[in-house]
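The lines below spell out each chain.
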Amino acid sequence: MSAYLQQSLKEIQKMVSELAGVESIRNIVVKALSSGVNPIDVVDAMSRGLEDVGERYERGEYFLSELIMAGIIASEITNILKPHLEKSAEKPAGKVVIGTVKGDLHDIGKNIVIAMLSSAGFRIVDLGIDVPSEKFVDAVKREKPDIVAMSCLLTIAMDEMKTLIDKLKEASLRGGVKVMVGGRPITPQFAEEIGADAYGSNAVEAVKIAKTLISRGGCA
Amino acid sequence: MNRRKRALKALHIEEPDRVPITEMDIDVPHLEALTGKTFTGEVSLQTSVSADRRMEAIKVEIKTECYRKLKFDVITCDLSAPDGWKSVRNPDGTITDEWGRVLIHDSRCKTWFPYRSIFQTPEDFESFSFPDPHAAGRTFGVEYMKKIVGDEMAVAAFIRDPFAHAWEMFTPITFVKWMYAEPRIVRKAIEKLTDFNVEIIKQLADLGVDFIISGGDYSEKKGPMVPVKYFREVVFPGLKKQVEAAHKKGIKFIKHTDGNVHPLVDDLANIVDGLHSLDPSAGVDIGEVKAKYGDKLVLMGNVAVDSLARKTKKEVVDETKECIRRASPGGGHFLTSSNSWYTDAKLENCLAMVKTGRKHGKYPISIFNELY
């Protein structure tokens with residue numbers, strides 16, 4: 001790769017991590033692609049930039065707004081790359097079926113997690129809000145995801161997470177899919193008690209966990 | 001001691017006879033359970049969703065009966081929608097409020113809450129007719145509550161914080177997108193919402209409310225939702241204007257926020273009179289805030305709503321005692337949960353919190369290290 005192309009990728013990474021304006025990032029990505037940069041290398045540069053954003057958020061240097069903005073930027077880049085990636089047939093990082101469990105209509109946290117997972121290359125099947133466990137089970141049968149991710153904000157809806165895990169077991173689907181949970185009232189202890197594989201306290205952690213679950217090779 | 005006087009003493013950071021107790025709000029299913037009454041009207045914790053005055057009066061009556069029954073020292077009241085206003089009914093079952101917030105109904109909690117927005121482009125906001133703070137009927141609920149409550153309890157009126165209001169009006173993702181790409185729009189929204197609140201505060205003070213509670217969050221579990229610098233440059237100047245409006249009329253101003261507020265407390269201590277929630281689930285230590293700002297900030301909190309929902313009665317009693325031990329000495333503390341009595345809170349835990357407050361909140365506070 002020429003020094004110019006390498007410099008372009010470094011620039012993309014830096015612009016993502018420093019949350020440069022969407023328009024300027026779009027321009028540099030388009031320019032890099034027309035100069036012959038491999039779209040997969042752009043994805044890697046973007047991912048490194050996003051990882052940096054996540055680390056800054058965890059260190060308290062960045063705030064929720066910056067996390068959301070990084071997701072918006074990544075989504076813009078992904079849209080530009082989509083036609084190029086389809087040609088190169090790049091495999092997604094994994095497939096996640098996600099929803100806010102039955103009894104809860106809140107979706108802000110879930111949507112931020114979706115933005116971050118999508119940015120990290122995961123294919124997302126969003127079941128929406130107030131999702132009954134039967135709908136999750138049907139989606140697991142149909143979509144064959146690597147991960148089922150459940151979110152809730154209301155304490156009253158927490159037990160629905162256990163209901164879904166039990167239903168996945170009843171349907172003999174539990175062994176083929178990892179389950180991660182998150183949301184305001186959820187704790188690591190609760191996740192363990194109900195038999196989830198992992199708990200994420202925020203969107204950055206959710207991405208890390210999803211990657212770890214996939215890399216463990218336990219997924220379908 | 002009269003309950004209102006008890007609250008006013010605490011509001012002035014003095015020790016009354018015992019720590020005043022209240023809740024920022026109580027979900028309708030609990031109001032119904034505690035009063036034996038049924039409420040069929042529409043409510044939202046964030047906004048006015050109906051101008052049906054008959055229903056609004058019934059809600060005020062049920063809430064007053066409930067707060068009386070619990071012997072609360074403060075009762076809270078919402079702003080009303082203007083006379084004749086009707087929400088927009090959308091085909092998917094959602095409704096749109098006066099502010100362009102699209103709300104969805106939660107039948108279990110019997111409440112509407114913000115879900116989407118009518119603002120898709122900056123032009124949508126530019127062409128939006130902003131609600132009039134002086135529209136007739138805006139203070140219907142507050143006036144009615146003052147009339148039936150009199151001086152029995154202190155009356156706190158809710159306003160919506162301009163930052164949180166804009167965050168909900170635009171939805172978080174659009175708010176952030178415009179915060180970077182169209183900063184003028186977000187600033188303009190916050191400024192206009194501030195101007196609206198200033199006019200409302202003047203009216204509320206003239207009606208005799210005892211203090212203002214500004215609802216809406218600044219923080220999430222990890223920290224502030226936007227950079228502290230943004231709060232200082234864009235949000236806090238408007239907050240100061242609202243506090244000044246309240247002070248000019250001789251009433252106090254309390255800021256509510258969930259989440260980890262620690263990074264903002266130093267600034268807030270120099271702007272507002274008090275903080276509500278002090279969310280323990282987000283790691284906020286009420287004792288730490290008390291030690292640092294107990295002489296200038298009224299503290300309202302902070303029995304965790306998660307404890308009310310999931311823990312045993314004994315654990316809630318212990319948590320309440322610990323809260324009193326750390327926050328009540330010296331006055332300036334109102335015992336409340338860390339938000340409100342949601343539908344998922346166990347009523348027996350809520351009542352245990354109140355009972356414990358009444359038993360152990362007597363001044364001088366004598367719970368010292370008995371828990372340890």
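Look above for the structure.
Residues numbered from 1 in each chain as written. Chains lettered and ligands numbered in written order. Predicted model: local features only at pLDDT ≥ 70, side-chain atom pairs only at ≥ 80, totals over all residues. Heavy atoms only, no water.

**Student:** What am I meant to see in the overall build of chain A here?
**Tutor:** Per the secondary structure count, chain A includes nine helices and five strands. Mapped in sequence order, the helices and strands of chain A form the string α-α-α-α-β-α-β-α-β-α-β-α-β-α. Over its C-alpha atoms chain A spans a radius of gyration of 18 Å, differing by no more than 12% from the 17 Å that the globule rule assigns to 220 residues. Here the C-alpha coordinates of chain A stretch approximately 55 × 35 × 25 Å along the principal axes. Per-residue burial for chain A yields a buried fraction of 55% across its 220 residues. (Helix = DSSP H or I, 4+ residues; strand = E, 2+ residues; numbered from the N terminus. Rg over C-alpha atoms; globule rule 2.2 N^0.38 Å. Buried < 20%, exposed > 50% of the residue type's maximum accessible area, 1.4 Å probe, protein only.)

**Student:** Would you explain the overall build of chain B in this entry?
**Tutor:** Looking only at helices and strands, chain B features 14 helices and eleven strands. Against the globule reference of 21 Å for 372 residues, chain B gives a C-alpha radius of gyration of 20 Å, in line with a compact fold. Each principal axis of the C-alpha distribution contributes one length, and for chain B these read about 60 × 45 × 40 Å. Sorting the 372 residues of chain B into buried and exposed places 63% on the buried side. Long-range contacts, defined here as pairs at least 24 residues apart, represent 75% of the contacts in chain B between residues at least 6 apart. Taken as a whole, chain B presents about 14,000 Å² of accessible surface, with 51% of it coming from carbon and sulfur. Between the averaged position of the 55 positive side-chain charges in chain B and that of its 54 negative side-chain charges there is a distance of 4 Å. (Contact = heavy atoms within 4.5 Å. Areas by Shrake-Rupley, 256 points an atom, 1.4 Å probe, with all protein chains shown as cover. Lys, Arg positive; Asp, Glu negative; His and termini not counted. Charge placed at Lys NZ, Arg CZ, Asp CG, Glu CD.)

**Student:** What am I meant to see in helix α1 (residues 3–11) of chain B here?
**Tutor:** An α-helical turn contains 3.6 residues, so a residue and the one three or four places further along point in the same direction. Residue and element names in this part refer to chain B. When we look at burial in α1, the residues that qualify are R3, R6, A7, A10 and L11. Projection of α1 onto a plane perpendicular to its axis shows the buried side chains occupying an angular sector of 135 degrees, all on one side. Taking the backbone nitrogen of R4 as reference, a side-chain oxygen 2.7 Å away marks N2 as the first, capping residue of α1. Phi turns positive one or two residues past the end of α1, at I13, with a value near 55 degrees. (Arc of directions from axis to C-beta. Polar contact = N/O pair within 3.5 Å; in protein donor to acceptor, adjacent residues only side chain to side chain.)

**Student:** I tried to follow the sheet that holds strand β1 (residues 94–100) of chain A on my own but got confused; where do I start?
**Tutor:** By way of backbone hydrogen bonds, the strands of a sheet pair with one another, either parallel or antiparallel. All names here are of chain A. Pairing in this open sheet of five strands is parallel, and the strands run β2-β1-β3-β4-β5 from one edge to the other. Edge positions in the sheet fall to β2 (122–126) and β5 (198–199), since each has one partner strand and no second. Here β1 pairs with strand β3 (residues 147–151) via five bridges, running parallel. Residue pairing in the sheet places T100 in a bridge with S151 of β3. This element, helix α6 (residues 133–143), spans β1, β2 and β3 of the sheet and lies at about 165 degrees to β1. (Pairing = 2+ DSSP bridges. Axes fitted to C-alpha atoms, helices over the stretch in contact; angles between N-to-C directions.)

**Student:** Sorry, what's going on with the packing of helix α6 (residues 162–170) of chain B against helix α8 (residues 183–206) of chain B here?
**Tutor:** Each pair of packed helices can be summarised by the angle the axes make with each other and by the distance between the axes. Residues and elements named next belong to chain B. Between α6 and α8, the shortest axis-to-axis distance is 9 Å and the interhelical angle comes to 125 degrees. Taken together, the axes of α6 and α8 lie oblique to each other. The handedness of the crossing between α6 and α8 comes out as right-handed. Here α6 contributes P162, F163, H165, A166, M169 and F170 to the contact with α8, which in turn contributes I185, V186, A189, I190, L193, T194 and N197. Looking at the contact of α6 with α8 residue by residue, the classes come out as ten nonpolar, three polar and no charged. (Parallel < 35°, antiparallel > 145°, perpendicular 65-115°, else oblique. Left-handed = near helix turned anticlockwise from the far one by under 90°. Nonpolar A, V, L, I, M, F, W, Y, C, P; charged D, E, K, R; others polar.)

**Student:** Sorry if this is basic, but what is going on with the packing of aromatic side chains here?
**Tutor:** The description of two aromatic rings rests on the distance between their centres and on the angle between their planes. All names here are of chain B. Taken as a whole and assessed by the stated rule, the structure comprises 21 aromatic pairs over all chains. Where F119 meets F170, the ring centres are 5.5 Å apart and the plane angle is 85 degrees; that geometry is what we call edge-to-face. Placement of F119 in the loop between β5 (111–117) and α4 (122–126) and of F170 in helix α6 is noted, with a sequence separation of 51 residues between them. Of the two residues, F119 and F170, both sit in the buried class. Ring plane angle 90 degrees and centroid distance 6.2 Å describe the contact between F125 and F130, whose orientation is recorded as edge-to-face. Ring-pair connections join several aromatic residues into one group, and the members of that group are W99, F119, F125, F128, F130, F170, W178 and F196. (Phe/Tyr/Trp six-rings, centres within 6.5 Å; stacked < 30°, edge-to-face > 60°.)

**Student:** What exactly am I supposed to notice about the sheet that holds strand β2 (residues 88–89) of chain B here?
**Tutor:** Residues and elements named next belong to chain B. With antiparallel pairing, the four strands of this open sheet are ordered in space as β2-β3-β4-β5. A strand with exactly one partner marks an edge of an open sheet, and here the two such strands are β2 and β5. Here α6 sits on the sheet in contact with β4 (101–106) and β5, set at roughly 70 degrees to β5.

**Student:** Got a minute to help me understand the environment of G250(B) in this structure?
**Tutor:** Residue position: G250(B) is located in the loop between α9 (228–248) and β8 (252–257). Sequence separation between G250(B) and D210(B) is 40 residues; the distance between their C-alpha atoms is 8.9 Å.

**Student:** Would you mind showing me how to read the packing of helix α7 (residues 172–181) of chain B against α8(B) here?
**Tutor:** Residues and elements named next belong to chain B. As a packed pair, α7 and α8 sit with axes 5 Å apart at the nearest point and diverge in direction by 115 degrees. Here F175, W178, M179, Y180 and A181 of α7 come into contact with α8, specifically with P183, I185, V186 and I190. Of the residues in the contact of α7 with α8, the class split is nine nonpolar, no polar and no charged.

**Student:** I tried to follow the interface of chain B and chain A on my own but got confused; where do I start?
**Tutor:** Where the parts come together, the accessible area they lose is often given as the size of the interface. Counting residues at the interface gives 29 residues for chain B and 30 residues for chain A. Summing both sides of the interface, chain B and chain A together bury roughly 2,600 Å²; the carbon and sulfur share of this comes to 64%. Applying the counting rule to chain B against chain A returns eight residue pairs in polar contact (both at pLDDT 80 or more). At the level of elements, β4, β5, α7 and α12 (305–310) of chain B are the ones that each hand at least two residues to the side of chain B that touches chain A. When residues of the side of chain B that touches chain A are assigned to their parent elements, the largest contribution, six residues, is made by α7(B). The residue inventory of the side of chain B that touches chain A, partitioned by class, reads 18 nonpolar, two polar and nine charged. (Buried area = accessible area lost by both parts, 1.4 Å probe.)

**Student:** I tried to follow the pairing of β3(A) on my own but got confused; where do I start?
**Tutor:** Consecutive side chains along a regular strand alternate between the two faces of the sheet. Residue and element names in this part refer to chain A. Counting buried residues along β3, five of its five residues qualify, which places the element largely inside the surrounding structure. Neither face of β3 is left uncovered, since the one carrying I147, A149 and S151 and the one carrying V148 and M150 both have all their residues buried. Bridging between β3 and strand β4 (residues 178–182) involves five bridges; their strand directions are parallel. Bridging across to β4, V148 finds its partner in V179. With respect to chirality, the unit in which β3 leads through helix α7 (residues 159–170) into the neighbouring parallel β4 is right-handed. (Right-handed = clockwise from strand over helix to strand, strands pointing away.)

**Student:** Quick question: what am I supposed to make of the nonpolar core here?
**Tutor:** If you look at soluble globular proteins, the nonpolar side chains tend to sit buried side by side. One finds V29(A), F163(B), F170(B), F175(B) and W341(B) to be the most contacted residues of the largest nonpolar core, which totals 153 residues. Sort the elements by how many residues they give to this core and helix α4 (residues 64–88) of chain A lands first, with twelve residues. If near-sequence neighbours (up to four positions away) are discounted, W341(B) is found in contact with E23(B), D25(B), I26(B), D27(B), H30(B), L34(B), L70(B), F72(B), L308(B), C350(B), M353(B) and V354(B). With 28 residues, the next largest nonpolar core counts V131(A), F136(A), V148(A) and I186(A) among its residues. (Core = buried A, V, L, I, M, F, W, Y, C linked by side-chain atoms within 4.5 Å.)

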